[in-house]
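# Close look at the chain arrangement
Residues per chain are reported as follows:
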Amino acid sequence: MPLNIVLIEPEIPNNTGNIGRLALATGSRLHLVKPFGFEIDDKRLKRAGLDYWQHLEVIYYENKEEFFTKNADKKMAFLSSNGTKSHWDIQFTDDMFLVFGKESVGLPKPLIEERKEDLFKIPMYSKNIRSLNLANAVSIIVYEGLRQLR
């Protein structure tokens, strides 16, 4: 029943490390799509992932094209503050791919346009915030998926 967490061009090593830790705790796979905003051996990444990184199933991709070519037949949900549907509407399935963009700008605009039917957001109830921290957003989505699939 694993879920697949996909980070497209992550920029902050601490977020990626924390998301790696979450992936291991939930039995999920982590897919990392380059370019990264850090070196994969960055000590901040390792510190956030602690000594768990060695036990984590991580799949690396050189770019978005490689990721989408290799996973073209997979069911995906794309998460963005630009989504119009709530994350409560995601119909989770085993082996589903949950795709998140980079911290500074989210998912690329062409991808948002291309995948509108599969685009979801986490509702926020304050006008004073643009987005959630990436690691927090991934946690919300993964645990909702696990709740639905159990």
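The sections below set out a description of the structure shown in this document.

Thresholds, definitions, all that
Residues numbered from 1 in each chain as written. Predicted model: local features only at pLDDT ≥ 70, side-chain atom pairs only at ≥ 80, totals over all residues. Heavy atoms only, no water. Helix = DSSP H or I, 4+ residues; strand = E, 2+ residues; numbered from the N terminus. Rg over C-alpha atoms; globule rule 2.2 N^0.38 Å. Buried < 20%, exposed > 50% of the residue type's maximum accessible area, 1.4 Å probe, protein only. Expected span 1.5 Å × (residues − 1). Contact = heavy atoms within 4.5 Å. Polar contact = N/O pair within 3.5 Å; in protein donor to acceptor, adjacent residues only side chain to side chain. Pairing = 2+ DSSP bridges. Axes fitted to C-alpha atoms, helices over the stretch in contact; angles between N-to-C directions. Core = buried A, V, L, I, M, F, W, Y, C linked by side-chain atoms within 4.5 Å.

### Brief notes about the overall build of the protein
- In terms of helices and strands, the protein carries five helices and seven strands.
- Written out in order from the N terminus, the α and β elements of the protein read β-α-β-α-β-α-β-β-β-α-β-α.
- Its C-alpha radius of gyration of 14 Å places the protein within 12% of the 15 Å reference for a compact globule of 150 residues.
- Expressed as lengths along the three principal axes of its C-alpha atoms, the size of the protein is roughly 35 × 35 × 30 Å.
- For the protein, with 150 residues in total, the buried portion stands at 45%.

### As for helix H5 (residues 134–149)
- Here H5 contains 16 residues, and its C-alpha end-to-end distance of 23 Å stays within 8% of the 22 Å for a straight helix at 1.5 Å per residue.
- Inspection of H5 places Leu 134, Ala 135, Ala 137, Val 138, Ile 141, Val 142, Glu 144, Gly 145 and Leu 146 among the buried residues, and these make up the whole buried set.
- The inward-facing, buried residues of H5 contact strand E1 (4–8), helix H1 (13–26), strand E4 (76–79) and strand E6 (97–100).
- With a side-chain oxygen positioned 2.8 Å from the backbone nitrogen of Ala 135, the residue opening H5 is Asn 133.

### Side note on the sheet that holds E1
- In space, the seven strands of this open sheet follow the order E3-E2-E1-E6-E4-E7-E5, with parallel pairing throughout. With partners counted over all chains shown, the strands left at the sheet margins are strand E3 (58–61) and strand E5 (85–86), one partner each.
- Pairing of E4 with strand E7 (residues 119–121), which is carried by two bridges, proceeds in the parallel orientation. Note that in E7 the partner of Phe 78 across the bridge is Leu 119.
- Against the sheet, H1 contacts E1 and strand E2 (29–33), and its axis sits at roughly 170° relative to E1.
- Contacts from H5 reach E1, E4 and E6, with the element oriented near 160° to E6.

### Observations regarding the nonpolar core
- Within the largest apolar cluster, 29 residues are counted, with the highest numbers of intra-cluster contacts made by Ile 5, Leu 7, Leu 30, Leu 98, Phe 100 and Val 138.
- Listed by contribution, the elements that provide at least two residues to this core are E1, H1, E2, E4, E6 and H5.
- A per-element tally of this core places H5 first, with seven residues.
- The residues contacting Leu 7, other than those within four sequence positions of it, are Thr 16, Ile 19, Leu 30, His 31, Leu 32, Val 33, Phe 100, Leu 134 and Val 138.
- With 14 residues, the next largest nonpolar core counts Val 6, Ile 8, Met 76 and Leu 107 among its residues.

### Quick word on the pairing of E6
- Both faces of E6 are covered, namely the face carrying Phe 97 and Val 99 and the face carrying Leu 98 and Phe 100.
- Here E4 pairs with E6 via four bridges, running parallel. Residue pairing for E6: Leu 79 is matched across the bridge by Phe 100.

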